[in-house]
Amino acid sequence: AAPCQLNGLWRNDQDSLMEISVSRDNGDFQGQYLTRVTLSGGCAQISPLKGTQQQLGDGGWPTFAFTVRWDRFSNATTAFVGQCFVDADGKEMLTTTWLLREAAESLEQDWKTTRVGRNIFTRKHTTRG
Ligand code: BTN
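Note that the coordinates shown come from a computational prediction; the quantities given were computed from them, not determined experimentally. (Residues numbered from 1 in each chain as written. Predicted model: local features only at pLDDT ≥ 70, side-chain atom pairs only at ≥ 80, totals over all residues. Heavy atoms only, no water.)

Student: Pulling in residues and values, what's your account of the overall build of the protein chain?
Tutor: Across its full length, the protein chain carries 0 helices and 8 strands. Its helices and strands taken in sequence order, the protein chain reads β-β-β-β-β-β-β-β from the N to the C terminus. For the protein chain, whose C-alpha radius of gyration is 16 Å, the value lies close to the compact-globule estimate of 14 Å for 129 residues. In terms of its C-alpha atoms, the protein chain occupies a principal-axis envelope of roughly 50 × 30 × 25 Å. For the protein chain, with 129 residues in total, the buried portion stands at 29%. (Helix = DSSP H or I, 4+ residues; strand = E, 2+ residues; numbered from the N terminus. Rg over C-alpha atoms; globule rule 2.2 N^0.38 Å. Buried < 20%, exposed > 50% of the residue type's maximum accessible area, 1.4 Å probe, protein only.)

Pasting the structure below:
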């Protein structure tokens, strides 16, 4: 199995976009995230993401994790964990599970601050497709 490259532009099933632009030899990566949906229903801003991907030697698809800081429009934070897959046609897919932490106004509200969900990302081609 060829290693999945996280570098590039991705779109998920909610129509959010993410671009992973800096990827280091040790598996660490950075990028930008533009979410199509927000908790408030208001406009999103491009938000920084940071993560790390496993470096696998022989076979198997790599797992990764990244966080997104939404602080240009929200106090929330999201952590994604996922795995990169390539199908028989060479199409890459990132299957992820996320935790979205909303800021509580008080400790009493802490219990209801965290949502969980899934997103699938596919590569967004800018020239064709
Ligand atoms: C906020 O609204 O306060 C922050 C934006 C949260 C967007 C979430 S993160 C998980 C899910 N996947 C997306 O692409 N967007 C939503």
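From this point, things continue past the structure.
Student: Account for the side chain of S47, with residues named and values stated.
Tutor: Along the chain, the position of S47 falls in strand 4 (residues 47–53). Given a relative accessible area of 1%, S47 falls into the buried group. Excluding its chain neighbours within four sequence positions, the residues that come into contact with S47 are G31, Q32, Y33, V68, R69, W70 and F73. (Contact = heavy atoms within 4.5 Å.)

Student: Describe in detail the site of the ligand, supporting the description with residues and values.
Tutor: In the region of the ligand, 15 residues are neighbours, and S16, Y33, L39, S74 and N119 sit closest. A distance of 2.7 Å separates an oxygen atom of the ligand from a polar side-chain atom of S16. Within the side chain of Y33, one N or O atom sits 2.6 Å away from an oxygen atom of the ligand. Classifying every residue of the shell around the ligand gives 7 nonpolar, 8 polar and no charged. (Near = heavy atom within 4 Å. Polar contact = N/O pair within 3.5 Å; in protein donor to acceptor, adjacent residues only side chain to side chain. Nonpolar A, V, L, I, M, F, W, Y, C, P; charged D, E, K, R; others polar.)

Student: Residues and numbers for the packing of aromatic side chains, please.
Tutor: Using the criterion set out here, one finds 8 aromatic pairs in the structure. A centroid spacing of 4.6 Å and a plane angle of 15 degrees characterise the contact between F66 and F80, whose relative ring orientation is stacked. Residue F66 is located in strand 5 (residues 63–69), and its partner F80 is located in strand 6 (residues 77–86); the two are separated by 14 residues in the primary sequence. Assigned by exposure class, F66 and F80 land together as buried. Following the ring pairs from residue to residue traces out a cluster consisting of F29, Y33, F64, F66, W70, F73, F80 and F121. (Phe/Tyr/Trp six-rings, centres within 6.5 Å; stacked < 30°, edge-to-face > 60°.)

Student: Before we move on, can you summarise the nonpolar core with the specific residues and values?
Tutor: M18, Y33, L49, F66 and L94 are the most contacted members of the largest nonpolar core, which totals 19 residues. Contributions of two or more residues to this core are made by strand 2 (17–23), strand 3 (28–34), strand 5, strand 6 and strand 7 (92–101). (Core = buried A, V, L, I, M, F, W, Y, C linked by side-chain atoms within 4.5 Å.)

Student: Could you give an account of the sheet that holds strand 1 (residues 8–12), naming the residues involved and the relevant values?
Tutor: Taken together, the 8 strands give a closed barrel; going around it, the order is 1-2-3-4-5-6-7-8, and neighbouring strands pair in antiparallel fashion. Neighbour-to-neighbour, the strand axes of this sheet turn through a mean angle of 30 degrees, independent of strand direction. For strand 7 and strand 8 (residues 114–123), the ladder comprises 9 bridges, and the chain directions are antiparallel. Looking at strand 8, one finds that L99 is bridged to V116. (Pairing = 2+ DSSP bridges. Axes fitted to C-alpha atoms, helices over the stretch in contact; angles between N-to-C directions.)

Student: Break down the pattern of salt bridges for me, citing the residues and quoting the values.
Tutor: Following the criterion strictly, the structure yields 4 salt bridges and no others. One salt bridge connects R69 with D71, and the closest N-O pair in it is separated by 2.9 Å. Its salt-bridge partner being R123, residue E92 comes within 2.6 Å of it at the nearest N-O pair. Of this pair, E92 sits in strand 7 while R123 sits in strand 8, and the two are 31 residues apart along the sequence. (Salt bridge = Lys/Arg side-chain N within 4 Å of Asp/Glu carboxyl O.)

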